[in-house]
Structures are given as C-alpha cells and as structure tokens.
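Summary of structural features
Each chain, letter by letter, is given below.
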Amino acid sequence: MMSTQAASSRPLPEFRNQAFTDFSRPENRKAMEAALAHVRSELGREYELWIAGARHKTGDFLDSVNPSHYSEIVGRHHKATHELARRAIEDAYAYFPEWSRTPASSRVELALRVAEILKKRKLDFDAWLVFEAGKTWPEADADVSEAIDFCEYYARQMHRMSAPPGVVQMPGERDEMVYLPLGAGVIIPPWNFPLAILAGMSIAALVAGNTIVIKPSSETPTIAQKFAEVLLEAGFPARSFSLCTGSGSVVGDLLVEHPKTRFVSFTGSRDVGLRINELAAKPRKGQIWIKRVVAEMGGKDAIIVDREADLDAAALGVAQSAYGYQGQKCSACSRAIVDQAVYDEFLDKLKPRVEALKVGPAEDPANDMGPVISASARKTISEYIEAGKNEGRLIAGGADAAPGGYYLEPTVIADVDSKARIFQEEIFGPVLAVTKARDFDHALELANDTEYGLTGAVYTRNREKIRRAKDRFFVGNLYINRKCTGAMVGAHPFGGFNMSGTDSKAGGPDYLLQFLQAKSIAEKL
Ligand code: NAP
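Let me sum up the structure you'll find in this document.

Conventions used here
- Residues numbered from 1 in each chain as written.
- Predicted model: local features only at pLDDT ≥ 70, side-chain atom pairs only at ≥ 80, totals over all residues.
- Heavy atoms only, no water.
- Pairing = 2+ DSSP bridges.
- Helix = DSSP H or I, 4+ residues; strand = E, 2+ residues; numbered from the N terminus.
- Axes fitted to C-alpha atoms, helices over the stretch in contact; angles between N-to-C directions.
- Contact = heavy atoms within 4.5 Å.
- Salt bridge = Lys/Arg side-chain N within 4 Å of Asp/Glu carboxyl O.
- Polar contact = N/O pair within 3.5 Å; in protein donor to acceptor, adjacent residues only side chain to side chain.
- 1 Å grid on protein atoms, 1.4 Å probe; cavity = no way out; pocket = protein on both sides within 12 Å on 5 of 7 lines; lining within 4 Å.
- Points joined across faces, edges and corners; volume = space filled by probe spheres on them.
- Nonpolar A, V, L, I, M, F, W, Y, C, P; charged D, E, K, R; others polar.

Right, let's get into the sheet that holds strand β15 (residues 411-414). What the seven strands build is an open sheet, ordered β14-β15-β16-β13-β12-β18-β19; its pairing is mixed. Each of the sheet's edge strands pairs with one partner strand only, and the pair in question is β14 (393-396) and β19 (477-480). Recorded for the sheet is a direction-independent mean angle of 20° between the axes of neighbouring strands. Contacts from helix α10 (residues 311-323) reach β12 (301-305), β13 (333-339), β15, β16 (431-437) and β18 (455-459), with the element oriented near 170° to β12.

Shown next, in the form of structure tokens:
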C-alpha cells in the first residue's frame, strides 16, 4: 500500500478559485434560464442506488421536494436497506487494497477531471441547487464554484503529499516518511452545501486513496446522485464509492458502527455529530483500529459592531451574513452584538435593509431570499421566532412569507439577553438576535459566551481592538470588517472550535491529513 508515493508526473498550475458567474451579464442570465428549463424538464425522475459497483432498486422511495414549490418533486430515490448499507461498507473494505494501490498521480488526474466536468456543467448544477436546495442563483453558483475549488485544491494537495519533504537522515540509514490512506470511510454531508461539502469530503477521501460510502442528506439526494454520476464519468472505479441514499436514522448507525469502517467524515448538526463520535468510539467485534471521526458541526456566529465602526458597512455585512441562503449556513450571523453607543443608530440602519429583502421562489432572480429547506425546518424556526418575541423586541419580519413554499420573512429581534434561547441555540434560519454591549471587551465576552466557536466578525476602525479580537475572539474563522460567511477555499481554511467541531479546516493546506496516516521507514545502509 505504498500508493501515495508516486507523485504526479504532470506539473500542476497554481491553484486559483473558480470565478463566480456574473449574472448581471445578459448572456449569463440567458444561459441560466436555459439551464433552469433543461433541469426542470428532468424533475421527478427515479434514481437507483449505486452500491458495491452496481445499481440497486428497493421500491422504497425517498422523494425530494422543491422547497420553493413543495408540490413539485425533484427526484424519487430508492432508499437503502440495512442489508445494502452493510454491503456498501463491506465492499468498500474489500476494494480498498486495490484502490489504495492506484498511483497517486492517477487519483489526482481523476479529481481534476471531476473539476473539469463540473466546470462544463456549472449552470446545470446551479439549477439543481436552485430546485432542490432552494438556493438563489448567486448562492447556488457559489456552492458549485466551491465544489470545483475543493477538487482542484485537494488534487494539488495530494500531488504535494505524494512526495513529502524528507526527514532528518541518521548516519548509516536511509530515512523516509510516506503517507498511506486509511481504509473504507463513511462520508455524511448536510443539505445546506449539498454539492460543495459532499464533493469536498468525498474527493478528499478518494484522492487520498480511501474507498467511501456516501450517505447523502435526505433533503438533497438528487444533487448527490448527479455528483455520483460525475465521479463515474470522470473515471473513478465503480467500486471506489457507493451512494447509500436513505435516512440517517435508519442506515447511519449501521455505517458508523460497522467494524470495517475505518473513518467517518461528517458535517452537520451538533447532536448528530456527537452521536456519531460516541458510537464510533466503541470498538466492535472484529475491529482492529480506533475509528477516526472528523465532525464539523453547528455554529452560533456573532458579529461585533464597535462604536468606532463604519456602521453602514456593518449593517450591510450583518444583513448579508444573517440572511444569505435564508440564514441556513453554519457560518451565518445569528447574533449581532452592538456597542451601546451606536446601538440605536445601527438598528436604524439595519431595519430598512432587512425590510427591503425580497422573499420568493429561488428560481426568480428578482428574489434576494428563497425558502427554508423543509416544512419541519420552517416549523422549528417559527417556534424560535415566537419564543424570541418574548425574549426581545421584534424589529423586522416575524412571519411566514409567500405561499406555496417554505418561506419565512427575514427576522430581527433586538434587546435579547445573552442567556436567552435565541442568543444561545443554533436556529439555522433567517433570524437575527441583537444584543447591547457596554463596550468592546464586554462585546467579546458576549461573543464567546456560547458553546460553539465557528465563525465571527468584528467591525471597528480601531487597530488595538482588532488586535484584541484576534487574540480573544475564540472562533475557527475570524473576519475583520467584512461579513462572517463566504469562506474561500485556500484563503480561509474552514472549521470551528468547541461544539462547532474538530476544526478540520476544509480547504486548508493540511486537510488531507484527516484521510491519511504517516509511515516512517528507516533502512540500514
Ligand atoms: P444533520 O441533521 O445533523 O444531518 C447531517 C447528515 O447526517 C445528514 O446526511 C443526515 O442524514 C445524517 N444523519 C442524521 N442522523 C444520523 C445518524 N444517526 N447517523 C449518521 N448520519 C446521520 O444536519 P443538517 O440539518 O443536514 O445540516 C445542518 C447542520 O449542519 C447545522 O447544524 C449546520 O451548522 C451544520 N453545518 C456545519 C458546517 C461546518 O463546516 N461546521 C457546514 C455546514 C453545515 P438525513 O438527512 O437522512 O437525516
């Protein structure tokens, strides 16, 4: 299993982020409309499972719906049974020795080919994200761009790690260290970046030489299916991955607990992540390793607005961070912590911005916000809004928006106490709690008063306060004088502290280490 040693022969150009599509250009708008029409004509199709190198039907369907128009079915998916999930992981284990011996250069080429295919079909993928995830055009395009970036970036990382820098040479020895893949892993992504996170975790594991079972989110199985088709088209071997569509609560435990599972790469909520971590920690009969768990989880992200801030920039940054993709980003701003000296002025600037946001079907580019993902998400978020009305002062929103889809108004609740539920719990919807701070140090204290630690931002012109924030704002991704969403692969390695997860830093220079183990070899000369 020395597969990772063979470096790619082809020199790779420097990594560059994929450009976002400029939808203000008429030709791009036209092309996107054509992609939407094309994808619309494919809605409602039936999809089989892809397990152990073959297609499977079970007749037990998972229907994914368009959250903008819940009467519309996006895809009908055969759901995996326990038996199929078991086969998926056991076949991944059986095929691992072969796949892990594939030269790293070949795996790198395959990852790059996936990026090429995604680039060619970018607008089609954008359209699938509009229909299945309820993303507006720019949000969908950012998701697909990030998926491309992950493929390009991890391909380069594997290229580099397949020829690691030398170790210290002992006299009379030849000393080296090489990276080996881990084994068969389970990839469990969330629905909110249904392509980028799915593609990122999957490609990282595969390019490192592991075999995988992908358990996609039940909200976005069609996008996962489309990505699986790209993997096959790019040339990934039929048995290098399985797509095990089905409810996490039905097949999740089995995949995590199976003794042949070597690692689990999860992104999702805190509760599910902690459960996976706990189940994976217990060795099962026949298991000869400690399972590795990478768990990237929720956030309760704050933006601090200082008395020395540019308040217009701060109001814009807070609104973008709180309501982009309807607040359904782990990095979304759900708490604005504002210095008392500028509190009222800031709210006066924020309120009209929020009220101007247009909510409606994601496929209509006139809308700034689409729907939330599901009926149950809308119900949970609405309950938080009702609780919030008693925990603070409603400034904007607070109700359902358009009919026919899962729409909610962008909501601001001010004067919220730091112990209130809407200040402490992840809501994962378009709801912002605003809290008054006595001064900058108090604001930092409030920002850190949470069990999460994913993203955060500070708006201030004062260098000394920026220094203090860099030092004391305890988050994995800190932003100064800009929004707290929109991490870019390569520039902003992503992952959080505390209950936000294992800080794996997706899109960072060391990410592939999660999927590799190092072997030291000393040969006496
Ligand atoms: P979720 O409910 O935790 O689900 C995530 C994934 O876990 C889904 O594929 C789900 O499948 C699966 N799952 C559910 N129960 C399982 C079990 N017992 N065993 C194994 N897998 C199981 O999260 P979500 O609603 O999809 O995503 C939103 C959450 O993700 C938020 O908390 C957000 O902050 C977090 N997130 C974090 C990051 C980050 O980088 N830190 C990025 C994006 C999102 P089913 O769909 O079939 O239930």
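Time to look at the pattern of salt bridges. Within the structure shown, the criterion is met by 39 salt bridges. Put simply, Lys 351 and Glu 355 hold a salt bridge, and the shortest N to O gap is 2.9 Å. Of this pair, Lys 351 and Glu 355 both sit in helix α11 (residues 343-355), separated by four residues, roughly a single helical turn. Across the pair Asp 441 and Arg 472 runs a salt bridge whose closest N-O atoms are separated by 3.0 Å. A residue pair is termed long-range when its members are at least 10 positions apart, and Asp 441 in helix α14 (residues 440-448) and Arg 472 in helix α15 (residues 463-472) qualify at 31 residues. A network of salt bridges, in which partner residues are shared, links Asp 441, Glu 464, Arg 467, Arg 468 and Arg 472.

Looking now at the sheet that holds strand β4 (residues 61-66). The strand order β1-β5-β4 describes an open sheet built from three strands, whose pairing is mixed. What marks the edges here is a single partner per strand, and that holds for β1 (45-47) and β4. Strand after strand, the sheet turns through a mean of 35° between neighbouring axes, direction not considered. Pairing between β4 and strand β5 (residues 69-78): six bridges, direction antiparallel. Bridge pairing links Val 65 to Ile 73 in β5. Taken strand by strand, helix α4 (residues 122-133) contacts β1, β4 and β5, and its axis lies near 100° from that of β4.

What follows deals with unusual backbone geometry. With a phi close to 55°, Asn 481 is a non-glycine residue in the positive phi region. Within the fold, Asn 481 resides in the loop between β19 and β20 (497-498). The phi dihedral of Asp 503 is positive, around 55°, even though this residue is not glycine. The topology assignment puts Asp 503 in the loop between β20 and β21 (516-524).

Now for the environment of His 77. With respect to the secondary-structure elements, His 77 resides in strand β5. A C-alpha to C-alpha distance of 43 Å links His 77 and Ile 480, two positions 403 residues apart in sequence. With near-sequence residues (within four places) excluded, His 77 lies in contact with Tyr 47, Asp 60, Phe 61, Leu 62, Pro 221, Thr 222, Gln 225 and Thr 245. For His 77, the side chain forms a polar contact with the side chain of Thr 222, separated by 2.8 Å.

Attention now moves to empty space enclosed by the protein. Vacant regions in the atomic arrangement are exposed by a probe of water-molecule size rolled over the atoms. Going through the model one piece at a time under the given rule, you end up with three cavities of 30 Å³ or more. Approximately 80 Å³ is the volume found for the largest cavity. Residue classes in the lining of the largest cavity are distributed as five nonpolar, four polar and four charged. In this structure, the second largest cavity occupies an estimated 40 Å³ of space. In terms of lining, the second largest cavity is formed by Trp 50, Arg 55, Gln 225, Ala 228, Glu 229, Leu 232 and Leu 243. If one sorts the elements of the lining of the second largest cavity by residue count, helix α7 (residues 221-234) sits on top with four residues.

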